[in-house]
Amino acid sequence: MAEVLDWSTLPGRLVVLSGASGSGKSTLVRRLLGRAELRLAASVSATTRPPRVGEVDGRDYYFLSPEQFEAARGDLLESAEVHGFSYGTPAEPVRRRLAEGSCVILVIDVQGGMQVREKVPGALLVFVQVPDPGELERRLRDRGTDDEPTILRRLANARREQELSRSYDVHIVNDDLERCVEELAGVLARARCGGGEA
Ligand SMILES: Nc1ncnc2c1ncn2[C@@H]1O[C@H](COP(=O)(O)OP(=O)(O)OP(=O)(O)O)[C@@H](O)[C@H]1O
Ligand SMILES: Nc1nc2c(ncn2[C@@H]2O[C@H](COP(=O)(O)O)[C@@H](O)[C@H]2O)c(=O)[nH]1
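Residues numbered from 1 in each chain as written. Chains lettered and ligands numbered in written order. Predicted model: local features only at pLDDT ≥ 70, side-chain atom pairs only at ≥ 80, totals over all residues.

Per an unreviewed UniProt entry, the chain is named Guanylate kinase, and its organism is Aquisphaera giovannonii. The UniProt entry for the chain carries this comment under Subcellular location (unreviewed entry): "Cytoplasm". Note on the chain: under the UniProt heading Catalytic activity (unreviewed entry), the record states "GMP + ATP = GDP + ADP". (UniProt positions renumbered as here; feature names shortened; annotations may be inferred.)

**Considerations on the site of ligand 1**
Near ligand 1, the surroundings consist of 14 residues, among which Ser21, Gly24, Ser26, Thr27 and Arg139 are the closest. Tallied by class, residues from the shell around ligand 1 come to two nonpolar, eight polar and four charged. (Near = placed C-beta within 6 Å. Nonpolar A, V, L, I, M, F, W, Y, C, P; charged D, E, K, R; others polar.)

**Things to note about unusual backbone geometry**
Backbone geometry places His83, a non-glycine residue, at a positive phi of 50 degrees. Positionally, His83 belongs in the loop between strand S5 (76-82) and strand S6 (85-90). Judged by the 14 C-beta atoms lying within 10 Å of it, His83 falls in the partly exposed class. For Arg192, which is not glycine, the phi dihedral falls at a positive 70 degrees. Secondary-structure assignment places Arg192 in the segment after helix H7 (177-190). (Helix = DSSP H or I, 4+ residues; strand = E, 2+ residues; numbered from the N terminus. Buried ≥ 20, exposed ≤ 12 C-beta atoms within 10 Å, placed from the backbone.)

**Focus: the sheet that holds S5**
Across the sheet, four strands lie side by side as S4-S3-S6-S5; this open sheet has mixed pairing. The open sheet has two edge strands with one neighbour each: strand S4 (62-63) and S5. Contacting S5 and S6, helix H3 (residues 91-99) crosses the sheet at an angle of about 35 degrees to S6. This element, helix H4 (residues 110-119), spans S5 and S6 of the sheet and lies at about 155 degrees to S5. (Pairing = 2+ DSSP bridges. Contact = placed C-beta atoms within 7 Å. Axes fitted to C-alpha atoms, helices over the stretch in contact; angles between N-to-C directions.)

Here is the structure:
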C-alpha cells in the first residue's frame, strides 16, 4: 500500500500530464505557463538521461548520475524507468508550490501518473493523444532530438502508455496545437487552476 500524502488541504491543485513521447506535452505546458489567468507552475524532474543540446540543468531537468538518482530517491514523489533511463519528481518543491496556491503540473509517464494517483488522491490526471501513430512518428523525427534507436524505443512504448491511460480523468487529442492549448486551458481553469470553479 503506497503512502498517502496529506496534501488535500493545500490550496493548489496537482495536475499530471502524460502521453506518448512526441505527443506534445512539453509544447502544451510551455504555452500554458505564459497564461496570466492560470496560476500554473511546472515541476522540474530529475533524470539520468543525458542532456540534449540546449537543455539546462535545473531548468529542463536535474541531470543526475545513476548514483545521485539513487541517493535522491527518498525525496521523490514518484519515479519510474522510462525509455531506458530513470526519471522522478522531487516532492518538496511541488508541495511548496501547492501550499502557495499554484496549480502544479507534472509532465510524467503513466507509471508515475499511477503512483501520484495513489499518493495524492485529489490529483487530476490528463492524457494527451495524437490523431494517429504516423503523426507521432513524424513529430518525433521532425523534433530532431533523438537518434534512430531512441525513436524506435519511444514509439514502441507509446502503445503501453495508451493502454495504461484508461484510468486517467481526461483525454485530449493534440491535433491542432492552438485548439488543444485552448481545450487544456479550459480543463485547468475548471480544475481550480484559476478562472474557473472547483
Ligand atoms: N499539435 C501539434 N502539431 C504538430 N506538431 C506538434 C504539435 N504539438 C507539438 N508538436 C511538435 O511535436 C514535437 C514533440 O513535441 P514535445 O517535445 O512537446 O512532445 P513531448 O510529449 O513533450 O515529448 P517527450 O515525452 O519526448 O518529452 C515537437 O517538435 C513539437 O513542436
Ligand atoms: N515518471 C516520470 N516520468 C517522467 C518524468 N519526467 C519526464 N518523464 C517522462 O519521460 C519521458 C521522456 O522525457 P524526455 O525529456 O526524455 O523526452 C516523457 O514522455 C515523460 O513522460 C518524471 O519525473 N517522472
